[in-house]
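One letter stands for each residue in the lines below.
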There are 2 protein chains.
Amino acid sequence: MSVTHGFHATMTAQPGKGDELVQLLLDAPSLPNKDCVVFLVGRSAGDADTVFVTEGWTSPEAHSRFFATPEAQELVAKLQPLLAGESQYVDEVPVGGKAAF
Amino acid sequence: MSVTHGFHATMTAQPGKGDELVQLLLDAPSLPNKDCVVFLVGRSAGDADTVFVTEGWTSPEAHSRFFATPEAQELVAKLQPLLAGESQYVDEVPVGGKAAF
């Protein structure tokens, strides 16, 4: 499936909350969404509270539709208290490759 | 497969060479390597010459072994003339998710 919308987000967890943030992201309702082509969670080897997400969506509209769902809003509500400060976003649209976990 | 080594690289292509750089990366010999669990190519929507690669390997040793192969060195030799300046690397180890291109 082609991806036309995406980003690379860098999140900072509250001290000691990195594991919990990662687990929440790995259970995100984005993953089973067919318009979510890429959802890659990563973390810093050097700092357990620095967490990354790369997302790729079939379209900006598909991402907005998902973001408006109760499931997505529930995720946001759970994420908020685990985060310290603002997440940083980079304009990155995934174009290909693999994630063979 | 578990990933214990990874990074997020930001590359700048020579002006107008973004497409060629992306294609070279999408054909990289890393992709069929079983120790390369994640190889995700992305690009900036706003700047066609900004290209990203997120890699995740089973171990640093597996990555080094691959990097020493003739195929990897051939890729590096092809990449070099397409790049402008130094690539930027961020300590990011992929931990889970999907890439369903």
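Residues numbered from 1 in each chain as written. Chains lettered and ligands numbered in written order. Predicted model: local features only at pLDDT ≥ 70, side-chain atom pairs only at ≥ 80, totals over all residues. Heavy atoms only, no water.

## A short note on the interface of chain A and chain B
Selection rule: For this analysis, residues touch if any pair of their heavy atoms sits within 4.5 Å. The quantity reported as buried area is the accessible area (1.4 Å probe) lost by two parts once they are put together, taken as the sum for both. In what follows, salt bridge is the name for a side-chain nitrogen of Lys or Arg lying within 4 Å of a carboxyl oxygen of Asp or Glu.
In this assembly, 33 residues from chain A lie in contact with 33 residues from chain B. Summed over both partners, the interface of chain A with chain B comes to about 2,800 Å²; 59% of that surface belongs to carbon and sulfur atoms. In terms of surface lost to chain B, no three residues of chain A exceed A:Val95, A:Lys98 and A:Phe101, which account for 26% of the buried area on that side. At the junction of chain A with chain B, the criterion picks out zero salt bridges.

## With respect to the relation of the copies chain A and chain B
Here two copies of a chain appear, and what relates them is a rotation about an axis with a shift along it. Operational definition: The superposition of copies rests on a least-squares fit of C-alpha positions from residues with pLDDT of 70 or more in both.
Relative to chain B, chain A is turned by 180° and slid 0.0 Å along the rotation axis, the superposed coordinates differing by an RMSD of 0.0 Å. Each copy turns onto its partner about a two-fold axis. Relative to the rotation axis, the closest C-alpha in chain A is found at A:Ala99, a distance of 2.6 Å. Most of the interface of chain A is mirrored in chain B: 100% of its interface residues are interface residues there too.

## A word on the pairing of strand 2 (residues 36-43) of chain A
For clarity, the cut-off: Note on classification: 1.4 Å probe, protein chains only; a residue is buried when its accessible area is under 20% of the maximum for its type, exposed when over 50%, partly exposed between these limits. Runs of H or I in DSSP of at least four residues are treated as helices and runs of E of at least two as strands, each being numbered from the N terminus. Two strands pair under a simple rule: DSSP has to find at least two bridges between them.
Taking burial as the measure, the eight residues of strand 2 of chain A include eight buried ones, the bulk of the element. The hairpin formed by strand 2 of chain A and strand 3 (residues 50-57) of chain A contains six residues between the paired strands.

## Points about the sheet that holds strand 1 (residues 5-12) of chain B
In any sheet, the strands associate via hydrogen bonds between backbone groups, in a parallel or an antiparallel arrangement. Where we set the bar: Simply put, an axis is a line fit to the C-alpha atoms, just over the touching stretch for a helix, and the angle between two N-to-C directions goes from 0 to 180 degrees.
An order of 5(A)-2(B)-3(B)-1(B)-4(B) is seen for the five strands of this open sheet, with the pairing classed as antiparallel. Unpaired on one side and paired on the other, strand 5 (93-99) of chain A together with strand 4 (88-90) of chain B mark the two borders of the sheet. Averaged over all adjacent pairs, the angle separating strand axes in this sheet is 15°, with direction ignored. Pairing geometry for strand 5 of chain A and strand 2 (residues 36-43) of chain B, over six bridges, is antiparallel. Directly across from A:Val93, in strand 2 of chain B, lies its bridge partner B:Arg43. Of the strands in this sheet, strand 5 of chain A together with strand 1, strand 2 and strand 3 (50-57) of chain B touch helix 1 (residues 18-26) of chain B, which is tilted by about 165° from strand 2 of chain B.

## With respect to the side chain of B:Ser87
All names here are of chain B. Of note, Ser 87 is situated in the loop between helix 3 (70-79) and strand 4. The exposure class of Ser 87 is buried, given its relative accessible area of 16%. Leave out the neighbours within four places in its chain, and Ser 87 touches Thr 10 and Met 11.

## Concerning the sheet that holds strand 4 (residues 88-90) of chain A
Reading across the sheet, the five strands line up as 4(A)-1(A)-3(A)-2(A)-5(B) and stay open at both edges, with antiparallel pairing between neighbours. Looking at the sheet topology across the chains shown, the edges are occupied by strand 4 of chain A together with strand 5 (93-99) of chain B. The average angle at which neighbouring strand axes cross in this sheet is 15°, direction not considered. Alignment of strand 1 (residues 5-12) of chain A against strand 3 of chain A, held across eight bridges, turns out to be antiparallel. Bridge pairing in strand 3 of chain A places A:Met11 opposite A:Val51.

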